[in-house]
Amino acid sequence: QTPTGLAFDDKTNRLFIGCRSKTMVVMDAESGKVITNMPIAGGVDWGVFDPKTKNVFMSNGEGTLAIFHQKSADSYEVVAAFKTQQSAKTLAMDKKTGMIYLPAAEFTTTPPADPSKKGTRKQTPETFNLLVVNGR
């Protein structure tokens, strides 16, 4: 449910789909066949595949970077759920160096006056930072 992050391995023709239902789906891009489902934390936003290490990275708003290893086109294993920072749900990877960049900030939420509505979320001043992770 609710796919948001997408990465692709053009050698094996595999799509890696991060879903808000706390699942990463591996799919054959040609046939649409689901190869496997892997667990991830909630609030996934982005994914990337590193062809050099054959690792898949999925970042999420709960504050982890899920890492999976592609043993073959149809076989995957969990490597780790690396702790980042809550709100570090978007990522970019420099595929030349393997460095992963995750922007994050601290937020405060004010409860709504009307309980049927959402609260107001506001970034705490001077808390923006960029997390840098060596993906290799």
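All values derive from a computational prediction rather than experimental measurement.

About the criteria used
- Residues numbered from 1 in each chain as written.
- Predicted model: local features only at pLDDT ≥ 70, side-chain atom pairs only at ≥ 80, totals over all residues.
- Heavy atoms only, no water.
- Helix = DSSP H or I, 4+ residues; strand = E, 2+ residues; numbered from the N terminus.
- Buried < 20%, exposed > 50% of the residue type's maximum accessible area, 1.4 Å probe, protein only.
- Areas by Shrake-Rupley, 256 points an atom, 1.4 Å probe, with all protein chains shown as cover.
- Lys, Arg positive; Asp, Glu negative; His and termini not counted.
- Charge placed at Lys NZ, Arg CZ, Asp CG, Glu CD.
- Salt bridge = Lys/Arg side-chain N within 4 Å of Asp/Glu carboxyl O.
- Phe/Tyr/Trp six-rings, centres within 6.5 Å; stacked < 30°, edge-to-face > 60°.
- Lys NZ or Arg CZ within 6 Å of the ring centre and 35° of its normal.

K.L.:
Would you mind going over the overall build of the chain with me for this structure?
P.N.:
Summing up its helical and strand segments, the chain has zero helices and 13 strands in all. Along the longest, intermediate and shortest principal axes, the C-alpha atoms of the chain span 50 × 35 × 20 Å. Each of the 136 residues in the chain was classed as buried or not, and the buried ones make up 38%. When the accessible surface of the chain is split by element, carbon and sulfur atoms take 54% of a total near 7900 Å². Counting 17 positive and 13 negative side-chain charges, the chain places the averaged centre of each group 2 Å from the other.

K.L.:
Can you walk me through the pattern of salt bridges in this structure?
P.N.:
Close approach of charged atoms allows side chains with opposite charge to pair. The final tally for this structure, using the stated rule, is five salt bridges. Among the salt bridges present, the one from D50 reaches R136, with a minimum N-O distance of 2.9 Å. Here D50, found in strand β5 (residues 44-50), pairs with R136, found in the segment after β13 (129-134); they are 86 residues apart in sequence, far enough to count as distant. The network of salt bridges with shared partners includes R14, D28 and D74.

K.L.:
For this particular structure, what's the right way to read the packing of aromatic side chains?
P.N.:
The way to describe two aromatic rings as a pair is by their centre distance and the angle between their planes. On inspection of all chains with the given rule, the structure shows two aromatic pairs. Considering the side-chain rings of F16 and F49, the 5.3 Å spacing of their centres and the 20 degrees angle between planes classify their relative orientation as stacked. Remark: F49 occurs in strand β5 and F16 occurs in strand β2 (residues 14-19); sequence separation between them is 33 residues. The exposure classification of F16 matches that of F49, with both residues buried. Ring geometry for F16 and Y76: centres 5.9 Å apart, planes at 75 degrees, overall edge-to-face. On the criterion of sequence distance, the pair formed by F16 in strand β2 and Y76 in strand β8 (residues 75-83) is long-range, its members being 60 residues apart. Overall, the relative accessible area of 0% leaves F16 in the buried class. Residue Y76 is classed as buried on the basis of its relative accessible area of 10%. Clustering of aromatic rings is evident, with ring pairs tying together F16, F49 and Y76. Here the guanidinium or amino end of R121 rests over the ring plane of F107, the centre of that ring lying 3.7 Å away.

K.L.:
Hey, could you run me through unusual backbone geometry in this one?
P.N.:
Negative phi characterises most residues that are not glycine, and trans characterises most peptide bonds. One non-glycine residue, K54, adopts positive backbone phi at about 60 degrees. Here K54 shows up in the loop between β5 and β6 (55-60). When its relative accessible area of 33% is taken as the criterion, K54 is described as partly exposed. Even without being glycine, E126 reaches a positive phi, approximately 60 degrees. Inspection of the secondary structure puts E126 in the loop between β12 (120-123) and β13.

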